[in-house]
Amino acid sequence: MFIPQERYIKIGLINTRYMAEGEGSPVVLVHGMGGSASGWLPSFSAFAAQHRVYAMDLVGHGRTNMVEEASLDAAYLAGFVKDFMAELKIERAHLVGHSMGGAVSLQLAIDYPERVNKLVLADSSGLGKELTILFRIVSLPLAGELLVAQDYKGDIKKYAAATRKSAKNAANITDELIENLYPVERSPEHVKPLLKVVRQWVNWAGLKKSIYGSILQHLPSIRNPTLVIWGRQDTIVPLALGELAAKSLPNARLEVIDQCGHIPMFEQPEIFNRLVLDFLKN
């Protein structure tokens, strides 16, 4: 697996970790809740063979520092991605967003349409309140602290087992991928920012309407060519929301990957990479 060089850039006061490789039209990869730029490693080499590819750790994620005044809602994170692009002189880019990163990408297309070319939404949140009960429990006081603290003090073997257990198809989740994810995404200092972002986005009922309401309202106005990719067996964010996105966006199509849960770039990387590259080529 190709491991891109780790780079850092200041976005205001935020020391931001990112990766950038390849030549061609720019593609910005936006990870999900609790993730990092390293979550794109199974796709980076394939994408960078045809494009200039960027992936950053969002605020409070990976090795990008947290700032107390950051709200971490969709509008704030979309502004952060826009500022990242401006700092690197990326005028316009294709956006590929996974889970929470899909919602951030949609919000960026709403707030800064001049920055966005094509959109890829992979098992995206931000399309309705439906969400696994796990995140809803983490949003609760005390219960969230107990669950996250327990999860973030385990060893790498426990992390590997849990990651593979959560996948419908774990065959492609290699030891090398785990070894690159674990030190970046599973350290005790991530507990506080993770709880903050979960509680900004989620309550006991599911995803907050303050997150998805505006996105749903504006979907018909997002005319960017959009590819919606979903794992058929996603138990985190249901396929019905992917179907809703494909119907509501004026220029979208849906591709459903079988034997795949919430993270298609981990579980079915060859199919995922081919779908994305074919879409960006046309």
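It should be noted that the structure appears before, not after, this text.
Read on for a plain summary of the structure. This structure is a prediction, so every number in the text was calculated from the model and none was measured. Residues take numbers from 1 onward in each chain, read along the sequence in its written order. A pLDDT threshold of at least 70 governs which residues receive local features in this predicted model, and a stricter bar of 80 or more applies before side-chain atom pairs are shown or counted, although totals over entire chains, interfaces and linings include all residues. Side-chain numbers come from the whole structure's heavy atoms, not from hydrogens or water.

Let's talk about the nonpolar core
Link 1 in the chain: By nonpolar core is meant a set of buried Ala, Val, Leu, Ile, Met, Phe, Trp, Tyr and Cys residues that side-chain atoms within 4.5 Å join together. Exposure classes here rest on a 1.4 Å probe applied to the protein chains alone. A residue is buried below 20% of its type maximum, exposed above 50%, and partly exposed in between. Core analysis: the biggest nonpolar cluster contains 60 residues, and Val 28, Val 81, Leu 106 and Trp 201 have the highest contact counts within it.
Link 2 in the chain: Setting aside its immediate chain neighbours within four residues, Val 81 contacts Val 28, Val 30, Met 56, Leu 58, Val 104 and Leu 108.
Link 3 in the chain: Counting residues in hydrophobic clusters, the runner-up holds 34 residues, among them Val 27, Trp 40, Ala 55 and Tyr 159. What makes two residues a contact is simply this: any of their non-hydrogen atoms within 4.5 Å.

Some points on helix α9 (residues 209-218)
Link 1 in the chain: Within the span of α9, buried status applies to Ile 211, Tyr 212 and Ile 215. Down the axis of α9, the sector holding all buried residues measures 70°, keeping them to one side. Exposed side chains of α9 directed beyond 90 degrees from the buried face belong to Lys 209, Ser 210 and Gln 217. Elements are defined by DSSP. Helices are runs of H or I of four residues or more, strands are runs of E of two residues or more, and each kind is numbered from the N terminus. To be clear, the arc concerns the directions from the helix axis to the C-beta atoms.

Some thoughts on the packing of helix α2 (residues 74-87) against helix α3 (residues 100-111)
Link 1 in the chain: In this analysis an axis means a line fitted to C-alpha atoms, helices contributing only their contacting stretch, and an angle means the value between N-to-C directions, from 0 to 180 degrees. The geometry of α2 relative to α3 is characterised by a closest axis approach of 8 Å and an angle of 75° between their N-to-C directions. Between α2 and α3, the crossing angle belongs to the class labelled roughly perpendicular. Every residue of α3 that contacts α2 at Ala 74, Ala 75, Leu 77, Ala 78, Val 81 and Lys 82 is listed here: Met 100, Val 104, Gln 107, Leu 108 and Asp 111.
Link 2 in the chain: A breakdown of the residues in the contact of α2 with α3 according to their chemical character gives 8 nonpolar, 1 polar and 2 charged. What sets the label is the angle itself: under 35 degrees gives roughly parallel, over 145 gives roughly antiparallel, 65 to 115 gives roughly perpendicular, and the rest give oblique. Only Asp, Glu, Lys and Arg are considered charged in this grouping, and only Ala, Val, Leu, Ile, Met, Phe, Trp, Tyr, Cys and Pro are considered nonpolar; every other residue, Gly among them, is considered polar.

A few points about unusual backbone geometry
Link 1 in the chain: The phi dihedral of Ser 99 is positive, around 55°, even though this residue is not glycine.
Link 2 in the chain: Mapped onto the elements, Ser 99 comes out in the loop between β5 (93-98) and α3.
Link 3 in the chain: With relative accessibility at 11%, the residue Ser 99 sits in the buried group.
Link 4 in the chain: With phi around 70°, Leu 142 is a residue other than glycine that occupies positive phi space.
Link 5 in the chain: Here Leu 142 is to be found in the loop between α4 (133-138) and α5 (143-151).

Structural notes on the pairing of strand β6 (residues 116-122)
Link 1 in the chain: Among the 7 residues that make up β6, 6 are buried, leaving the element largely enclosed by the rest of the structure.
Link 2 in the chain: Bridge analysis of β5 against β6 gives 5 bridges, and the strand direction is parallel. Of the residues in β6, the one forming a bridge with Val 96 is Val 120. One requirement defines pairing of two strands: DSSP has to find at least two bridges between them.

A word on helix α7 (residues 175-185)
Link 1 in the chain: Among the residues of α7, those classed as buried are Leu 177, Ile 178, Leu 181, Tyr 182, Val 184 and Glu 185.
Link 2 in the chain: Against β2 (14-21), α1 (41-48), α6 (156-165) and α11 (264-267) lie the buried residues of α7.

A word on the pattern of salt bridges
Link 1 in the chain: Each reported salt bridge corresponds to a side-chain nitrogen of Lys or Arg within 4 Å of a carboxyl oxygen of Asp or Glu. Considering all chains together, one arrives at 10 salt bridges under this definition.
Link 2 in the chain: Across the salt bridge formed by Arg 17 and Glu 6, the nearest N and O atoms sit 2.7 Å from each other. Here Arg 17, found in strand β2, pairs with Glu 6, found in the segment before β1 (7-11); they are 11 residues apart in sequence, far enough to count as distant.
Link 3 in the chain: When its relative accessible area of 34% is taken as the criterion, Glu 6 is described as partly exposed.
Link 4 in the chain: Among the salt bridges present, the one from Arg 164 reaches Asp 175, with a minimum N-O distance of 2.9 Å. Pair noted here: Arg 164 is in helix α6 and Asp 175 is in helix α7, with a separation of 11 residues, a long-range link.

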